[in-house]
Amino acid sequence: MSTVKKDQPPLREVIAKHDLKAKKSLGQHFLLDLNITRRLVREAGDLTGITAIEIGPGPGGLTRALMESPAKNIVAIEKDDRFITALAPLCEDGRVRIIHADALEIDPATITPAPRAILANLPYNVGTLLLVNWLQRAQDYEFFALMFQKEVAERITAKVDSKAYGRLSVLCQFCCDVEYAFTIPARAFTPPPKIDSAVVVLRPKKAPYPVSVEALEAVTKDAFGQRRKMLRSIFKGKLSEEQFEAIGIRPEARAEELSVEDFIKLTKAMR
Ligand code: SAM
């Protein structure tokens, strides 16, 4: 494992020198404790030979932890131009590339070589949207190690028939094996957000998907759009009682009672 050059100034100094006051509109809550950013990288898995993509490096705490890993390259995409100059010294390492762009407008898989993985302390306001975009081509990635608000992490990893189980759970668990890695208390961030955060690791399934992500999303949208309604009435005119019976799903069941496997059956039957 390589180490970050000893002469990197402390993150607090970088923030003070470049006057990097956190902007709420860009979901900026910085992690200045390298023990936490190192843990995220460690729990993600082996980065040997992998291009690590970071979204929103900010002052560079997680970027530094990535530089200590055996990642082949590190590509960090940051929207806020104030950080671009502050991050420039990290590029001297030779493996780091900083891209000044909006991550919502870039498909990371088209600008990086495989194998690749995304690791990030995501901006809260667009975190879920980014993940859903990446999952459209999940198999382009080795894994995702992502920090979200705790409540979002719980939705991603929720089990069937639990309160947090919904569209996001089904989509994530259809595409990936998911793991709730660890919780980070709000006080660990500068400035602290109102709620705790958590890291989730998602590993895309290797086998071809039994139905398309798009088709599955359409079915979950209908099913969870009217969560309290029975499937029979949601899919009226689309699926007969006999079809429900053939796939072993009770027509009076509600969306939250269906496992990911059930949603696959439902999507196949709908074709
Ligand atoms: N990675 C840093 C850390 O852990 O200290 C900062 C994390 S902060 C929660 C989110 C970062 O994402 C900020 O640096 C913010 O400017 C950046 N960001 C917000 N929206 C973005 C977008 N659409 N595209 C790229 N970066 C974005």
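Refer to the structure above for everything that follows.
Residues numbered from 1 in each chain as written. Predicted model: local features only at pLDDT ≥ 70, side-chain atom pairs only at ≥ 80, totals over all residues. Heavy atoms only, no water.

A few points about the packing of helix H8 (residues 213-225) against helix H11 (residues 260-270)
For any two helices packed against each other, the geometry comes down to the angle between their axes and how far apart the axes lie. Two numbers describe how H8 lies on H11: the axes approach to 9 Å, and their chain directions differ by 105°. For the element pair H8 / H11, the angle class is roughly perpendicular. Here Ala215, Leu216, Val219, Thr220, Ala223 and Phe224 of H8 come into contact with H11, specifically with Phe263, Ile264, Leu266, Thr267 and Met270. (Axes fitted to C-alpha atoms, helices over the stretch in contact; angles between N-to-C directions. Helix = DSSP H or I, 4+ residues; strand = E, 2+ residues; numbered from the N terminus. Parallel < 35°, antiparallel > 145°, perpendicular 65-115°, else oblique. Contact = heavy atoms within 4.5 Å.)

What to know about the side chain of Gln173
Looking at where Gln173 falls in the secondary structure, it is placed in helix H7 (residues 167-175). With a relative accessible area of 17%, Gln173 lands in the buried category. A polar atom in the side chain of Gln173 sits 3.0 Å from the backbone oxygen of Ile156. Those residues in contact with Gln173, other than ones at most four positions away along the chain, are Ile156, Thr157, Ala158, Val178, Lys205 and Val260. (Buried < 20%, exposed > 50% of the residue type's maximum accessible area, 1.4 Å probe, protein only. Polar contact = N/O pair within 3.5 Å; in protein donor to acceptor, adjacent residues only side chain to side chain.)

Regarding the layout of surface pockets
Estimates place the volume of the largest pocket at around 470 Å³. The wall of the largest pocket is formed by 32 residues, among which Leu26, Gly56, Glu78, Asn121 and Pro123 lie closest to the centre. Breaking the lining of the largest pocket down by element, the ones donating at least two residues are strand E1 (30-31), strand E2 (51-55), helix H3 (61-67) and strand E3 (73-78). Its residues placed into classes, the lining of the largest pocket shows 17 nonpolar, eleven polar and four charged. (1 Å grid on protein atoms, 1.4 Å probe; cavity = no way out; pocket = protein on both sides within 12 Å on 5 of 7 lines; lining within 4 Å. Points joined across faces, edges and corners; volume = space filled by probe spheres on them. Nonpolar A, V, L, I, M, F, W, Y, C, P; charged D, E, K, R; others polar.)

Things to note about the site of the ligand
With respect to spatial proximity, 20 residues lie near the ligand, and among them Gln28, Leu31, Gly56, Glu78 and Asn121 are the closest. Residue Gly56 places a main-chain N or O atom 2.7 Å away from a nitrogen atom belonging to the ligand. Separating a nitrogen atom of the ligand from a backbone N or O atom of Ala103 is a distance of 2.9 Å. Assessed atom by atom at 2 Å from the grid points, the ligand resides in the largest pocket. Of all elements in the fold, only E1 and E3 reach the threshold of two or more residues within the shell around the ligand. Of the residues that constitute the shell around the ligand, the class distribution is nine nonpolar, six polar and five charged. (Near = heavy atom within 4 Å. Sits in = over half its atoms within 2 Å of the grid points.)

Here's the deal with the environment of Leu11
The topology assignment puts Leu11 in helix H1 (residues 11-17). Overall, Leu11 belongs to the buried group, its relative accessible area being 6%. Residues Leu11 and Gly61, spaced 50 residues apart in sequence, show a C-alpha to C-alpha distance of 7.0 Å. If we ignore the near neighbours within four places in the chain, the residues touching Leu11 are Leu31, Leu32, Pro59, Gly60, Gly61 and Arg64.

With respect to helix H6 (residues 150-157)
For H6, the full list of buried residues reads Val152, Ala153, Ile156 and Thr157. Summarising the axial view, the buried residues of H6 lie within an arc of 125°, below the 170-degree limit, and thus occupy one face. Residues of H6 that are buried sit in contact with helix H5 (127-135), strand E6 (143-149), H7, strand E7 (176-184) and strand E9 (197-204). (Arc of directions from axis to C-beta.)

Points about the sheet that holds E9
The seven strands lie next to each other as E4-E3-E2-E5-E6-E9-E7, forming an open sheet whose pairing is mixed. Each end of this open sheet is capped by a strand with a single partner; those strands are strand E4 (96-100) and E7. Neighbour to neighbour, the strand axes of the sheet diverge by 20° on average, direction disregarded. As paired strands, E6 and E9 are joined by six bridges and run antiparallel to one another. Bridge pairing in E9 links Leu146 to Val200. Contacts between H7 and the sheet are confined to E7 and E9, with E7 contributing the most and set at about 120° to the helix. (Pairing = 2+ DSSP bridges.)

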